[in-house]
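Letter by letter, the chains look like this.
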Amino acid sequence: RPRVLSGIQPTAGSFHLGNYLGAVRQWVALQESHDAFYMVVDLHAITVPQDPAELRQNTRIAAAQLLAAGLDPERCTLFVQSHVPEHAQLAWVMNCVTGFGEASRMTQFKDKSAKQGADRTTVGLFTYPILQVADILLYQADAVPVGEDQRQHIELTRDIAERFNGRYGETYTLPAPYILKETAKIYDLQDPSIKMSKSASSPKGLINLLDEPKATAKKIKSAVTDTGTEIRFDAENKPGVSNLLTIYATLTGTSVPDLERQYEGKMYGALKTDLAQVMVDFVTPFRDRTQAYLDDPETLDAVLAKGAEKARAVAAETLATTYDRLGFLPAK
Ligand code: AQP
C-alpha cells in the first residue's frame, strides 16, 4: 500500500471548516487505501506563543476531533508529533540541507511574519517548513493530503529530498501533494477573496466545528453573497455563492451541477437556509462524538501512545539510515 502522511495543528482548539474539508476529510478516505500516518503537530504549534495548559488540552481536543471525524486507529497510525523525537532530530539535518534563500521564498512565512512584525516572529516560524520536510520524509510518504496553502511546502520537500538523494545516495521517497481541486481552498464567509483561516478570518467568517450549532447556522445565514441573484458556480464572479456551493456539495455528497439545478430560480436566502441546516446536521453529532472521546482521556491517551509506538518504528529506521548516509559515527 502506498503511504500517506499529514498533520494538523492543535492551536485553536476547534478545527475550522477549511481544515476539515481541505484536509481531514481526505485523511479519513485515504486510510482505506493507504498506509496512513496522521499526527497532531504540537512542535509546529509552538512557532507562535502557546499557553502550556491550553496546548496540552488542545492536543487532546485535536486528537478527539480526528477520531470523531472518522479516523480509526485500527486502520491508520494516529499520534502526537512530540511523542516521536525523530521529527526534531531529522529537522536539524534538513535545516542543514536547505538553502537560506530557498527557505526565505516560502510565502506562508512571508505573510505571517509580515503580520506579526520582525520582533515577534520566531526563527521557528521561519524553519517551520523545514520541520515539515522532516515530518514527511521520515515516513517515506508517497503522498501528502493537504489544502492548497501547503503546496509550496510539499514542493520544497521534493526539492530537498532530491538534493539529499543526489548528494548521499537514494534515501527518501519523493512525496506528491494530494490536493483535491474542489476543496483545496475553502474561503472566508465574510471575505471570499481570502481563505478561511484561524488567524486571518474574522469570527463571522470562520466556521469552527465545535462552536454552538446555532451560532454556526447564523454565520452561514449571514455569509456574504454576490451581486445578482442567480445561484451558479462561478469562482471568479461569484466567489461567495461558489464557496457556499462547494461546502454544500461536499458535505452532502451532491454534485455542484445538481445543486445548481435544484436551486434554479430560487433566492440566495433559500440556499443559505438549507446549507445552515446541513451544517447543523453535520456539526451536532461531530461535537457529541468529540466530547465522548474527551470524556475518556485515558482511552484517548492510550490510542496516541500506541500510535506513537508504531510511528517511531518507521521514523527511527529512516533517521538511522540518514545518520549513516551523513557519516555520523554510530554510538556503541
Ligand atoms: N481554508 C482552507 N481550505 C482548505 N484547506 C485548508 N487548510 C487550512 N485552511 C484551509 C488545511 O488544513 C490542514 C491543517 O492546517 P494547519 O494545522 O496547518 O492549520 P493552518 O494551515 O495553520 O490553518 P489556518 O487556519 O490556515 O491557520 P493559519 O491561520 O495559521 O494560517 C492543512 O492541510 C491546510 O492546508
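What you are looking at is a predicted structure, and each value in this text was computed from that prediction instead of being measured. (Residues numbered from 1 in each chain as written. Predicted model: local features only at pLDDT ≥ 70, side-chain atom pairs only at ≥ 80, totals over all residues. Heavy atoms only, no water.)

Caption draft 1: Quick look at helix H7 (residues 123-138). For H7, spanning 16 residues, the distance from its first C-alpha to its last is 22 Å, which sits close to the expected 22 Å at 1.5 Å a residue. In the structure, H7 departs most strongly from a straight axis at Pro 129, where the bend amounts to approximately 40°. Here H7 lies mainly inside the structure; 13 of its 16 residues are buried. In the segment just after H7, Gln 140 is the residue with positive phi, at about 50°. (Helix = DSSP H or I, 4+ residues; strand = E, 2+ residues; numbered from the N terminus. Expected span 1.5 Å × (residues − 1). Bend = angle between axes of the 7 residues up to and from the residue. Buried < 20%, exposed > 50% of the residue type's maximum accessible area, 1.4 Å probe, protein only.)

Caption draft 2: Quick peek at the pattern of salt bridges. Tallied over the entire structure, the rule returns 13 salt bridges. For Asp 149, the salt bridge goes to Lys 195, with nearest N and O atoms at 2.6 Å. Placement of the pair is Asp 149 in the loop between strand S4 (143-145) and helix H8 (151-168) and Lys 195 in the loop between strand S5 (176-178) and helix H9 (213-221), with a sequence separation of 46 residues. According to the relative accessible area criterion, Lys 195 is partly exposed, its value standing at 30%. Via salt bridges that share partners, Glu 32, Asp 72 and Arg 75 belong to a single interconnected network. (Salt bridge = Lys/Arg side-chain N within 4 Å of Asp/Glu carboxyl O.)

Caption draft 3: Summary view of the site of the ligand. In the vicinity of the ligand lie 22 residues, with His 16, Asp 149, Lys 195, Lys 198 and Ser 199 positioned nearest. Between a nitrogen atom of the ligand and a main-chain N or O atom of Met 196, the distance comes to 2.9 Å. At 2.3 Å, a side-chain N or O of Ser 199 approaches an oxygen atom of the ligand. Ranked by the residues each element gives to the shell around the ligand, the list is headed by helix H1 (residues 17-30), at four residues. Its residues assigned to classes, the shell around the ligand shows seven nonpolar, ten polar and five charged. (Near = heavy atom within 4 Å. Polar contact = N/O pair within 3.5 Å; in protein donor to acceptor, adjacent residues only side chain to side chain. Nonpolar A, V, L, I, M, F, W, Y, C, P; charged D, E, K, R; others polar.)

Caption draft 4: Region of interest: the packing of H7 against H8. Interhelical geometry of H7 versus H8 gives an angle of 65° and a closest axis separation of 9 Å. Comparing the axis directions of H7 and H8 gives the class roughly perpendicular. Crossing angle aside, the handedness with which H7 passes H8 is right-handed. For the pair H7 and H8, contact is made by Pro 129, Gln 132, Val 133, Ile 136 and Leu 137 and by His 153, Ile 154, Leu 156, Thr 157, Ile 160 and Ala 161, respectively. Across the contact of H7 with H8, the residue classes break down as eight nonpolar, three polar and no charged. (Axes fitted to C-alpha atoms, helices over the stretch in contact; angles between N-to-C directions. Parallel < 35°, antiparallel > 145°, perpendicular 65-115°, else oblique. Left-handed = near helix turned anticlockwise from the far one by under 90°. Contact = heavy atoms within 4.5 Å.)

Caption draft 5: Here's a closer look at the UniProt feature "binding site: L-tryptophan" (unreviewed entry) in the protein chain. Per the UniProt annotation, the sites labelled "binding site: L-tryptophan" (unreviewed entry) are Asp 135. On the basis of relative accessible area, Asp 135 is assigned to the buried category, the value being 2%. Ignoring any residue separated from it by four or fewer positions in sequence, one finds Asp 135 in contact with Leu 5, Met 39, His 44, Gln 81 and His 87. Engagement of the side chain of Asp 135 in a polar contact is seen with the side chain of His 44, the distance being 2.8 Å. (UniProt positions renumbered as here; feature names shortened; annotations may be inferred.)

Caption draft 6: Inspection of the pairing of strand S1 (residues 3-8) at higher detail. The element S1 is extensively covered by neighbouring structure, given that five of its six residues are classed as buried. The sheet contact formed by S1 and strand S2 (residues 35-40) spans six bridges and is parallel. Looking at S2, one finds that Leu 5 is bridged to Phe 37. Between the parallel pair S1 and S2, the chain is carried across by H1, and the sense of this crossover is right-handed. (Pairing = 2+ DSSP bridges. Right-handed = clockwise from strand over helix to strand, strands pointing away.)

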